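Examining the three-dimensional arrangement
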Amino acid sequence: MKQEELEGYRLSPQQQRLWRLRQHSRAFRSQCVLMVRGPLRTEALEAALGRLVQRHEILRTAFRQLPGMELPLQVITDGGPVRLRHLDLSGCPAADRQRRAEEYVREERERPFDYERGQVLRAGLVRLAAADHLLVVSLPALCADVRTLQNLTREVWRQYEAVTAGGEDAAAGLSEVVQYVQYSEWQHELLASEEGAEGRQYWREQETWQEGLAAPRLALEGDGRVGESAEYELGEVRRELGAEVLGQVERVAERQQSSAEAVLLACWQSLLWRVGGAEEFAVRVAFDGRKYEDLYESFGLFTKHISTRSSFLKDTSLDDLLRRVDESFGSAYEWQEYYAPGPTDGLGGGGDVVGYEYASWDGDQHHGQLSVACAELYSCTERQKLKLSCLRQGAGLRLQFYYDPQTYGRAGVERLAEEYVTLLAGAVAEPEQAVGRLAVVGGHERQQLLVEWNETGREYPRDKCIHQLFEEQVERTPEAVAVLSEDEQATYRELNERANQLAHHLRSVGVGPEVVVGVCLDRSVEMVAAVLGVLKAGGAYLPLDPEYPAERLRFMLEDAGARVVLTQEALTGLWGGSGGAVAAENPAVEVSGGNLAYVIYTSGSTGKPKGVMVEHRSGVNLWAALKRAIYEGLGEPGRVSLNAPLSFDASVKQLLQLLSGRCVCLIPEGARREPEALLRHLSEHSVEVLDTTPSQLRQVLAADARGRLPGVVLVGGEAIDEALAARMRECGGSRFYNVYGPTECTVDATVGAVGGRGTEGGTESSTEGSTESRAESGGVIGRPIANVQVYVLDAHQQLVPVGVSGEIYIGGGGLARGYLNRPELTAERFVPHPYSRDEGARLYRTGDVGRYKASGEIEYLGRVDGQVKVRGYRIELGEIEAALSGHAGVEQSVVVAREDVPGQKRLVAYLVTESSDAVNIGDVRQFLREKLPDYMVPSAFVILPALPLTRRGKVDRAALPPPEQVESGADIVAPRTPAEELLANLY
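**Observations concerning helix H2 (residues 42-55)**
- With 14 residues, H2 ought to run about 20 Å at 1.5 Å a step, and its terminal C-alpha atoms sit 20 Å apart, in line with that.
- Among the residues of H2, Ala44, Leu45, Glu46, Ala48, Leu49, Gly50, Leu52, Val53 and Arg55 are the ones counted as buried.

**Considering unusual backbone geometry**
- Here Glu514, not a glycine, exhibits a phi torsion of approximately 70°, which is positive.
- For Glu514, the location among the structural elements is in the loop between helix H13 (492-508) and strand S17 (516-520).
- One non-glycine residue, Gln797, lies in positive phi territory at about 60°.
- Looking at the element boundaries, Gln797 is found in the loop between strand S31 (788-793) and strand S32 (806-812).

**Here's the deal with the environment of Ser331**
- Within the element layout of this structure, Ser331 appears in helix H9 (residues 318-335).
- The spatial distance from the C-alpha of Ser331 to the C-alpha of Thr308 is 10.0 Å, given a sequence separation of 23 residues.

**Here we look at the sheet that holds strand S13 (residues 386-393)**
- Spatial ordering of the open sheet is given by S7-S14-S13-S10-S8-S9, a layout of six strands whose pairing is mixed. Among the strands making up the open sheet, the edge pair consists of strand S7 (235-241) and strand S9 (304-311). Shown here is a sheet whose adjacent strand axes are inclined to one another by a mean of 25°, direction ignored.
- Two strands pair when backbone bridges link them, and strand S8 (residues 280-287) and S9 are joined in this way by eight bridges, in the antiparallel orientation.

**Examining helix H4 (residues 146-164)**
- End to end, H4 covers 27 Å across 19 residues, agreeing with the expected 27 Å (1.5 Å per residue, within 8%).
- Summarising burial for H4: 15 of the 19 residues are buried, a large majority.
- The positive-phi residue at the C-terminal boundary of H4 is Gly166, with phi of around 75°.

**Overview of the packing of aromatic side chains**
- Across all of its chains, the model carries 29 aromatic pairs by this definition.
- Ring centres of Tyr183 and Phe302 lie 4.3 Å apart, and the angle between their planes is 45°; this geometry places the pair in the tilted category. One end of the pair, Tyr183, is in helix H5 (residues 180-192); the other, Phe302, is in the loop between S8 and S9, and 119 residues separate them in sequence.
- Lying across the ring of Tyr378, Arg109 places its NZ or CZ 4.0 Å from the centre.

Here is what the cut-offs are and how they apply
Residues numbered from 1 in each chain as written. Predicted model: local features only at pLDDT ≥ 70, side-chain atom pairs only at ≥ 80, totals over all residues. Heavy atoms only, no water. Helix = DSSP H or I, 4+ residues; strand = E, 2+ residues; numbered from the N terminus. Expected span 1.5 Å × (residues − 1). Buried < 20%, exposed > 50% of the residue type's maximum accessible area, 1.4 Å probe, protein only. Pairing = 2+ DSSP bridges. Axes fitted to C-alpha atoms, helices over the stretch in contact; angles between N-to-C directions. Phe/Tyr/Trp six-rings, centres within 6.5 Å; stacked < 30°, edge-to-face > 60°. Lys NZ or Arg CZ within 6 Å of the ring centre and 35° of its normal.

Listed below in structure tokens is the structure:
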């Protein structure tokens, strides 16, 4: 059998890569749309295009391959006449004409090319009016880049003028052009020659840092990595900037002896830093490959997309960036001919490759009676997830944000474009300012973050105190059961009388407004009466947990200045049939909503607990807000649990249900510690609302095979991971609410419904009334409750864009007064409100990391102090835990940064699974590698039967054992292999 032969030329390195890429997409092409005004001679235009095809071989190049050939050869054909594809829209209505013209351009962009025949230049002419036409020129990316389209536009009208004048080919007056196959062969020879050794070495050195440098990781709404198909498409978002902004850009460039291209790139890098968070990352910058004058007028794919390094520090300014960009530009420009793009890098999706391209296009051109302007420009010569293409046209600037719809949603890119325009305007106005301090959020997004999503103002009895509202409820339902404990109960009348008796006694010993009274009691009716009695006396109660160490209790009493402490022994004889020694009527005390209601101590970073002071009005707002967000849908007052200890602020929101006539059922201490006993207690006493922590809820769900959970479950105190959220969504008999808020903001600041029967209730939203806020992942904490505002801010207290992580700040009606006897700490954590006009308005810095979703809901990501640095990388531990929760075999996970050996910090993951053989650690590690960079994959994994818990039901991270101390055989310890650990520590 005779073997067929084929003669031609090798593809250039750029074409080789693109040929492989184009197998997955029709997006790789170049297209320009020219607006032509004036008397146009179509036959002359066809002739001019034909002359271009004869002058430039790449415009009549076929791509042919025989069976068994991986890559085709370039074969130069004779070409042929160019026929314009005509569409006459001059008779259509204006609106319809515009729409059909746009459809035609899109259709031309998507039509396949005939690579075998070599007729790669395609031109269409759309007639809009007698003297208005659109010329649409399309070429495969294998044959044309942006510079090719510019060269083609200039030459075609020279040829047109020559044809209409009856003259010879205009090419006779032009210099001889370097043909693309000549360039292609030169590239291959250069990359293999001794002459190119130095250049190849330069790029090998660049690859060293590129291997450890990721593309920016952008959290834009509409992230579609899961289920990504092979087909590659591009969406586009466009912004037009006028002469004023362009003038500022050029003035900054001139002052720094730089260029507009560099200024726009520096601002693009700055935005990627602000929205991505990485201090170092790579951006692929397009270099047009025409370094030598002989190549200026050549047609073909010369452009190379070269990774450039972006590095940021806290105080980096635009001026600083420009110096780095120019240095990086200069080096890449000098060595660009020696750069060979990898043949497969980016195939199948790759990383979130972000690109940048700049082109300067002449303004309106005039050729005789014709006026020609560029209406559209499209060029895709590389596979990238996101690219900013800047096109300067005369005195204006067009910004085109191209994106992969399989990765990013249009709404997210729209916001990104708005953010870039905002940052660019600020940067060129103050180029010496640190880019980290420049505003990024502007326009519609700023309106959303400041107004729409924080428009939570609602009326509530702000001038009344907690005990006063309780007394009003006593008048309405005196004989209803108010409190139910393990061995007794009390009606509203009985509870009020007991509280009154205690209040009168406390008044007699000097308790009044702003006086702190310690309450150290077991879980009982007396405990609830004591809290109300302190409030009725005008004082503020200080919960003292009987199980706390004596030293801690002594510190709290001394720090709070509590001269009176209520204990079980001290209450003996104050009630229980002792007669009328103390009056039972409501005491008359001058106390207002601005007076102190309670002080709760929380852990302090210095090792000493700190007392949080909460006023009556904040507690009343919490009651009113939760009533609107959760309880209004429950119907008649029923029974709610009091599961949390009195010293845990979650107890406050349950005690406040006494203001609504509900019965508070005290969960016995034994039942709190044993899931089956808890479920039995809830069922026997018909409890409708359970307050719990995620850690306790996991154990309860595991024991609840018969659906004994109450109809409403309030989950708070720590983050809900996706595995637990999935379990909640499977519980059809209960409605779960993720409630979030620090003690300093009065228990709960946000509410979000999670799974279960969540379709019925509502979560407070930014519009009037209640709307459903269903959390699709465990990290979603919903929206602010009534009269509470939540902001996500950066290190400079600037608004961060939607989808970008930052520190959560809380303001509004729930703010505590501050820390008792800690004015410096109060000033540090309760800061002036930068977005309020109210005098004295403050925000509380939570230390929590979160981000706003496009829906207006807030996603909790972890702690600021949970952000660790390992091997130079900043890592949010919560992000790793969130990824682990997506593994089917992992029920619960905690990741910590351990330094068991000084100077050797490492990540360790602690996992809870159904059984020790439920997961393969190698599979878990590979699972993470598919979701996270390698530096975020823990060095060791430890499987435990259960995670240790504190008494409050939270994970006790301090009790997690070092991997080396876990007994072999009892649990599984899976560290990295020595080779893996060595590779991980190279970066």
